[in-house]
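# Per-entry structural report
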Amino acid sequence: MPVRTVVCEDNAALISTALQAVVALIDGEQKRKTTVGELQSRVSLALSGGSTPKALYAAMKAHHLPLASSAVQYYFGDVRMVPDSSPDSNFLMAFEQLLHAVPIEHVTKIETVDINAADSAAAFEDALLTQLPLNESGCPQFDIVLLGVGPDGHTASLFPGTPASNETERFAVPCMPNEGITPYVERVTITRRIIQAARHVIVMAAGKDKQWVLDGILASDEDVASTENFRVPVARLLRECTGDVQLLVNRDMVKDGAASL
Ligand code: 6PG
């Protein structure tokens, strides 16, 4: 599916646009599930770490989204293998901004304590296989996946050139970031395969330092084939999604003069 890019004037507009998109998708998925009589009645929503997603979660809480739609089951796209009390914990960030207002049975965690990353990833895959509907290739299918983008072109914890970013079979894997990425800790991340199978993907990218990633996402297939920069995980991954992809960027990500994308 083609990536639909929305240029927002600033970060506040990006978060507001993302909130509207999430609310609309949850509402649409609830209606779809009722119409088709899907067994998994809750809308599955995979959360991302990062400061841009963090601002969205605060907006969702302020919007009373979790209380208004207890039909949502929350998942994580990636976690750092740190305790829930660690300031580096994606669970802690989401809990403080949003999930503290959600019944705990509506949250499917990726365990990070008293378990190694390999076993945690395997346990999470088992949960995905039992909790989510499977697509025709047997891949668990999220309804909505939220993603951020790093300045190096990573998304979730799929970092350029790492085995995780090239994984094509598994749904969740243990991984390490590249040198220089903080926090430099082991992680568990969902993979390209399960992101590409999702019904809806919302990607939030803000900051001039990510403009080259935007170029890669919007590049033609020919350019991607010939330009090393354009092979970063998020650029290649998003062009092969089967669901709809909304890429929300702020104005300073757009090259001067490119009034619209
Ligand atoms: C993580 C996140 C990561 C994040 C991006 C964007 O655990 O590090 O899942 O993928 O979304 O790094 O983060 P910012 O929005 O803070 O730039």
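Higher on the page you've got the structure.
Read on for an overview of the structure. Just so it is clear, the model here is predicted, and its values are computed rather than measured.

A few words on the overall build of the chain. Counting its secondary structure elements, the chain contains nine helices and nine strands. Its C-alpha atoms give the chain a radius of gyration of 17 Å, near enough to 18 Å, the size a compact globule of 261 residues would have. With respect to the three principal axes, the spread of C-alpha positions in the chain is 50 × 40 × 35 Å. A total of 261 residues make up the chain; the buried ones form 54% of that total. The long-range share in the chain, meaning contacts at least 24 apart out of those at least 6 apart in sequence, stands at 73%. Carbon and sulfur atoms make up 54% of the accessible area of the chain, which totals about 11,100 Å². Both charge centroids of the chain, one from 21 positive and one from 32 negative side chains, sit 4 Å from each other.

One finds L56, M60, L99, F142, L146, V201 and L238 to be the most contacted residues of the largest nonpolar core, which totals 77 residues. Considering every element that reaches this core, the biggest residue donor is helix α1 (residues 11–36), with eight residues. Those residues within four positions of L56 in sequence are excluded, and the remaining contacts are I15, A18, L19, V22, L146 and M204.

The next subject is the site of the ligand. If you check the shell around the ligand, you find 17 residues, and the closest are G49, S51, T52, A156 and K210. Between the ligand and the protein, one listed contact pairs an oxygen atom with a side-chain N or O atom of N90 at 3.0 Å. Considered on its own, the ligand offers 420 Å² of accessible surface; in the complex 87% of this is hidden by protein. Looking at the shell around the ligand element by element, the count peaks at three residues for helix α2 (residues 51–62).

Here we take up the pattern of salt bridges. With the rule as written, the count across this model stands at 12 salt bridges. The salt bridge involving K33 is made with E38; its shortest N-O contact spans 2.5 Å. When sorted by exposure, K33 lands in the same class as E38, which is buried.

What follows deals with the sheet that holds strand β8 (residues 200–205). Strand order in the open sheet made by the six strands is β1-β9-β8-β5-β2-β3, with parallel pairing throughout. Either end of the sheet is taken by a strand with one partner, and the two such strands are β1 (3–8) and β3 (72–76). In this sheet, adjacent strand axes meet at a mean angle of 20° when their direction is disregarded. Where β1 meets strand β9 (residues 244–250), six bridges bridge the pair, whose relative direction is parallel. Counted as the bridge partner of V7 is V249 from β9.

Structurally, a disulfide amounts to a covalent bond that connects the sulfur atoms of two cysteines. The full count for this structure, using the stated rule, is zero disulfides. Here C139 stays free of any disulfide, with the sulfur of C241 as its closest cysteine sulfur at 11 Å. Here C139 falls in the buried class, since its relative accessible area comes to 1%.

Let us now look at the pairing of strand β7 (residues 187–190). Neither face of β7 is left uncovered, since the one carrying R187 and T189 and the one carrying V188 and I190 both have all their residues buried. The pairing of strand β4 (residues 78–80) with β7 spans three bridges and is classified as antiparallel. Considered in β7, the bridge of R80 is made with R187. Alignment of strand β6 (residues 172–175) against β7, held across four bridges, turns out to be antiparallel. Along β7, the bridge assignment pairs V173 with T189.

Turning next to the environment of H100. Topologically, H100 is positioned in the loop between α4 (90–97) and α5 (117–131). Residue class for H100 comes out partly exposed when judged on its relative accessible area of 41%. Excluding its chain neighbours within four sequence positions, the residues that come into contact with H100 are K61 and F95. In terms of polar contacts, H100 uses its side chain to reach the backbone carbonyl oxygen of E96, at 3.5 Å.

What counts and what doesn't
Residues numbered from 1 in each chain as written. Predicted model: local features only at pLDDT ≥ 70, side-chain atom pairs only at ≥ 80, totals over all residues. Heavy atoms only, no water. Helix = DSSP H or I, 4+ residues; strand = E, 2+ residues; numbered from the N terminus. Rg over C-alpha atoms; globule rule 2.2 N^0.38 Å. Buried < 20%, exposed > 50% of the residue type's maximum accessible area, 1.4 Å probe, protein only. Contact = heavy atoms within 4.5 Å. Areas by Shrake-Rupley, 256 points an atom, 1.4 Å probe, with all protein chains shown as cover. Lys, Arg positive; Asp, Glu negative; His and termini not counted. Charge placed at Lys NZ, Arg CZ, Asp CG, Glu CD. Core = buried A, V, L, I, M, F, W, Y, C linked by side-chain atoms within 4.5 Å. Near = heavy atom within 4 Å. Polar contact = N/O pair within 3.5 Å; in protein donor to acceptor, adjacent residues only side chain to side chain. Salt bridge = Lys/Arg side-chain N within 4 Å of Asp/Glu carboxyl O. Pairing = 2+ DSSP bridges. Axes fitted to C-alpha atoms, helices over the stretch in contact; angles between N-to-C directions. Disulfide = S-S within 2.5 Å.

That is the geometry; function is a separate question.
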